Structure formats: structure tokens, C-alpha cells
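# Residue-level structure breakdown
Chain by chain, the residues run as shown.
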Amino acid sequence: MRQHQETSVAVGAAPRLAPSTSAHRPEQDLLVWVREWLGASVAHWAENGICPEGGAYEALDQNGTAVTDLDRRVRVQFRQIYVFAHAHELGLMRDGDDIAWEIFEYVWRRAWLTDGRFGWAHLLSADGYVKDPSRLAYDHAFALFACAWQYRVNKDGRALLTATHTLRFLDEAMRAPNGGWLSEAFVPNDRKRRLQNPHMHLFEACLALYEATGKELFLERANDIFTLFLTRFYDRSSNRLFEVFNEGWAPIGRNAGDIERLHAGEAPVEPGHMAEWSWLLSEHRRLSGRPCTGISAKLLRGAVRDGLDRSGRFLIDGVNGKGQPLIWSRRLWPQTELLRGALAEFRRTESQEARQLALDTIKAIKDQYLCEAIPGVWRDRYDAHGRLERGPAPASTFYHLFGAFSAALSILDVMPSKRSAPSATCGRLQ
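I will try to describe carefully the structure that is included in this document.

Scoring rules and cut-offs
- Residues numbered from 1 in each chain as written.
- Predicted model: local features only at pLDDT ≥ 70, side-chain atom pairs only at ≥ 80, totals over all residues.
- Heavy atoms only, no water.
- Helix = DSSP H or I, 4+ residues; strand = E, 2+ residues; numbered from the N terminus.
- Expected span 1.5 Å × (residues − 1).
- Buried < 20%, exposed > 50% of the residue type's maximum accessible area, 1.4 Å probe, protein only.
- Contact = heavy atoms within 4.5 Å.
- Pairing = 2+ DSSP bridges.
- Salt bridge = Lys/Arg side-chain N within 4 Å of Asp/Glu carboxyl O.

## Digging into helix 5 (residues 157-173)
Spanning 17 residues, helix 5 covers 24 Å between terminal C-alpha atoms, matching the ideal 24 Å at 1.5 Å per step. Looking only at helix 5, the buried set comprises Ala 159, Leu 160, Thr 162, Ala 163, Thr 166, Leu 167, Phe 169 and Leu 170. Buried residues along helix 5 sit against helix 3 (96-111), helix 4 (137-154), helix 6 (196-213) and helix 7 (216-233).

Written out as C-alpha cells, the structure reads:
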């Protein structure tokens, strides 16, 4: 078990929450719980989720103990770098920056390929050797995101240099001839489908790099992906975000007749990604000043319209091109993105309906996914019938939880808004 002497939950060291009236005490208590849960969880992962030989474990079991025999996805290493770096910035972990850097050095030594074609490997074995050298755009997006947070917390030039190498590889090996990036490098033509999801995370990473460095290059890259979103991913007529495309960027699964062309377990539309884009478009507007013509709010409404389960509390995993339920299971991560989408709308409009949606979503996550006795252990998935699927708590989900909960602490005030009238833009979010 790894020891970090400087590790501290440090809840008391953080900026104090604003005082509230007794009538709003439940909201204050909920935000206090969020902060304390984050602090205790990141401390638990620092203690139990870091391998003594280096790198982060893939999962914890439901007793909070590392599952040591799982292969390690490289993207998860990068996500955990973000978690510890952000925890350090928030004052939740004094040596979070050191832990993040130790993971960064580990993944650089183990996963940056030196076979003459370069790039990041997709998968390491449990003992840290390359098991799958595939180069996926998704993994490279999180490499850039980790670089952004490494630079943000310590201004180390090595992180910026790594980001430069990663971008160069993407441009030289994965640029698609008709815009965007290939999902995987060095593959035959029959595997060259276009995917929305890697581009979303490249968008996120470029925004994070721009915020951390101030370099216009990264904002220009984000702007290019924003254009791709407007022209390829987002369908204005249906207010839906499509996931899978052919080489000509025509969506697969938009029409009922081509659903069989999707891989097993895929959906043409994922409500969680619609909510996630709602947040990211809001971030793009904050950093660039470019409006998104109300699409952020429309995406949130579309996610709620198509994606809520029968209880009306949780987003399901997938719908078809007409918005009808296709994959009724519900993982934890879409709920965190529903939270961020609601936070984006509240930040933009001060709509009390959006604020209430954010608070209700926090409660729903707390009640159904974070109800284990050990902070840092979560329930990851319920099946189509609402039954819990038992399994370990994957490290990959911590990135979603940390991003959403930290945004909630930043945006939600425990006092009622001075402008309490519901926003006409938000409507009923239905």
C-alpha cells in the first residue's frame, strides 16, 4: 500500500461555503457532502489505487482494495493524472501534484512507443508492459488533457513538450482527409469509421491546454473541432448528437435501416454525450467568447427529452436515431454529465430550474451510485431492469465524478439566486 505523508483531505483548508439561511440548509449540507466526499475519495485512491512500482490501478473492488491483476488502459492513467492534479489545485490533496507527476513519468516510460511510428499505446499489462500498441485518438486526447493539467499545476515545460509531441503525432498519422481525425492510426480502410467521441475529448483537451498556457494554437484547434461539431456531429433538425459516421461523415444509425451497421452495444445517440457537449460548449464560450447560438441549452433539453429512464431521474446509455430507448442500462458517468449540463445552463442563465436539476442530479448520484460506505468506491452500472450489476469501481469514472463535482462546488451558490425567475431559454428542460 502506497504511503503519501503529505496527503490530506484538507476540507477545512478550502474556501468556506457561504452562510445560508436555515431554509436552505439542505442545499448547503449537500455541497459540504460533495466536497468532503471528493477529499476522502481522492485520499483513498492515493492510498489504495497507486501501484508501488508506478502507475495507477484500473479499479478498486467494493471493499476499496486495488484489483491488481487487471490490464491498464493508458487513457485511465491520464485521467488519474487529471484527478490528482485538480485535487491539488482545489486544496484537497497537498501532494496531489507529486502523485500526478509520478503517474505521468510512469506512463511516459511505459506507453510512449519507440517502434519508429511513435504515439501512445492503448493498453498495458498489469505489470506495466505494452499489451496493445494500437494508437487511438481517444487515448491521445486524454494524453493532451493530462498535459494541460500537469502544466496548470506546476508549469513544468516537459508537460508542454509532451503535448507538442502528441499533437504532432495526431497531425501526421491520424488526420482524416475530409476533416477531423481518424479513430485509429495504421489500420486498413475497412476500419476507418469516424467517431464523435474522440473529437469531443480532443476539444476538451485543447480548451484545457489553452486555459493552462494561454497559447492561441490550442484555442485554434478547439475552434476547428467546434466547426466540426456544428457541421458533422450535431443534427439541428432533430436536436441530436450522432456518434458514428462513415468516411464521408454521414451518420450511421440515423435511419432505422442502417442500425445493423453499428457494432454490438453501440447506439447512434448517447444522451450522456449530449449533456457532456452542453458543458463543453459552455466552456468554449467562456474561454473564446464565441457564442454557441443556444445549442448548449438545446443539447441539454434533448438529452433530458430522449434519455431519461422511467423514473425520470437517470439518463440511460443509448437511444436510436429517432430518440427511442435502445440501451436501457444506465452507467454512472452519464449522470455526472447531466449534472455538468445543468450547471452550464445555470451558469449561463441563472435559471432556477437548471439549478434544481443540478441539485436533484447530485442527490440521485449520491443515493444510487455513491451509497457505499467507503468514499472512493462507487456503483458503476444498473441493467435495463434497474438492477445493480455488481463489479469493481473503475478508475475511469473518477474523472467524470471529479469534473462534475468540482464544477458544482465552483458554480452552485448556497444562497438563492438574485434573479430567481426561470429562464425562458431553458424552458422546462423537456
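Further notes follow.
## Points about the sheet that holds strand 3 (residues 123-124)
The 3 strands are arranged 2-3-4 in an open sheet whose pairing can be described as antiparallel. Since the sheet does not close on itself, it has two edges, and those belong to strand 2 (72-73) and strand 4 (130-132), each with one partner. Across 2 bridges, strand 2 lies against strand 3 in antiparallel orientation. Its bridge partner lying in strand 3, Arg 72 is registered against Leu 124.

## Section: the pattern of salt bridges
Scanning the model with the defined rule gives 27 salt bridges in all. Two residues, Arg 135 and Asp 115, come together in a salt bridge whose shortest N-O distance is 2.7 Å. One end of the pair, Arg 135, is in the loop between strand 4 and helix 4; the other, Asp 115, is in the loop between helix 3 and strand 3, and 20 residues separate them in sequence. Residue Arg 135 is classed as buried on the basis of its relative accessible area, which comes to 3%. Residue classification places Asp 115 among the partly exposed residues on the basis of a relative accessible area of 45%. One salt bridge in this structure joins Arg 221 and Asp 171, with 2.5 Å as the shortest N-O distance. Here Asp 171 lies in helix 5 and Arg 221 lies in helix 7, a separation of 50 residues in the sequence. According to the relative accessible area criterion, Arg 221 is buried, its value standing at 13%.

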